[in-house]
Amino acid sequence: MTTDTIANVQLTTKANVYFDGKCVSHGFTLADGTKKSVGVVLPATLTFNTGAAEVMECVGGGCEYRLAGSDEWKSSGPGERFSVPAHSSFEIRVADQYHYICHYA
């Protein structure tokens, strides 16, 4: 199931722009204090490092991803999620667009 809307949030209006504009996101906080971000990755192959554990939820488009220490690329499309451990990294390949919600653990 794909998340379409998120109610009752405090949104950070200044965008986080990474990799020369290939990834743009906005952070937000839920009423219970949970922090998340929502954004888009444009066509590119990028490597992201994690501080906290993350769950990446695809809400539009798609990507291929590879977790640190793995040789296997996996696909993620709308309604699908993948988990990334804390203090790790993942590579992401996007051919068109990848719209996501990042759930921080």
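Structure first, text after, so check above.
Colleague: Which parts of the structure should I look at to understand the sheet that holds strand β5 (residues 44-49)?
Modeller: Across a sheet, strands are paired by hydrogen bonds formed along the backbone, either parallel or antiparallel in direction. Taken together, 4 strands build an open sheet; the order of strands is β5-β10-β7-β8 and the sheet is antiparallel. Each edge of the sheet is formed by a strand with only one pairing partner; in this case those strands are β5 and β8 (74-76). Neighbouring strand axes in the sheet, compared pairwise and without regard to direction, differ in orientation by 30 degrees on average. As judged from the 6 bridges shared by β5 and strand β10 (residues 89-94), these two strands associate in the antiparallel manner. Residue pairing in the sheet places Leu46 in a bridge with Ile92 of β10.

Colleague: What is the right way to read the packing of aromatic side chains from this model?
Modeller: The description of an aromatic ring pair uses the distance of the two centres, along with the angle that the planes make with each other. Applying the stated criterion across every chain, the model contains 5 aromatic pairs. An angle of 5 degrees between the planes, with centres 3.7 Å apart, marks the rings of Tyr65 and Phe82 as stacked. With Tyr65 in strand β7 (residues 63-67) and Phe82 in strand β9 (residues 81-84), this pair connects stretches of sequence that are 17 residues apart. A single burial state applies to Tyr65 and to Phe82, both of which are buried. With a relative accessible area of 3%, Phe82 lands in the buried category. The ring of Trp73 has Arg93 sitting right over it, with the charged end atom 3.8 Å from the ring centre.

Rules used throughout
Residues numbered from 1 in each chain as written. Predicted model: local features only at pLDDT ≥ 70, side-chain atom pairs only at ≥ 80, totals over all residues. Heavy atoms only, no water. Pairing = 2+ DSSP bridges. Helix = DSSP H or I, 4+ residues; strand = E, 2+ residues; numbered from the N terminus. Axes fitted to C-alpha atoms, helices over the stretch in contact; angles between N-to-C directions. Phe/Tyr/Trp six-rings, centres within 6.5 Å; stacked < 30°, edge-to-face > 60°. Buried < 20%, exposed > 50% of the residue type's maximum accessible area, 1.4 Å probe, protein only. Lys NZ or Arg CZ within 6 Å of the ring centre and 35° of its normal.

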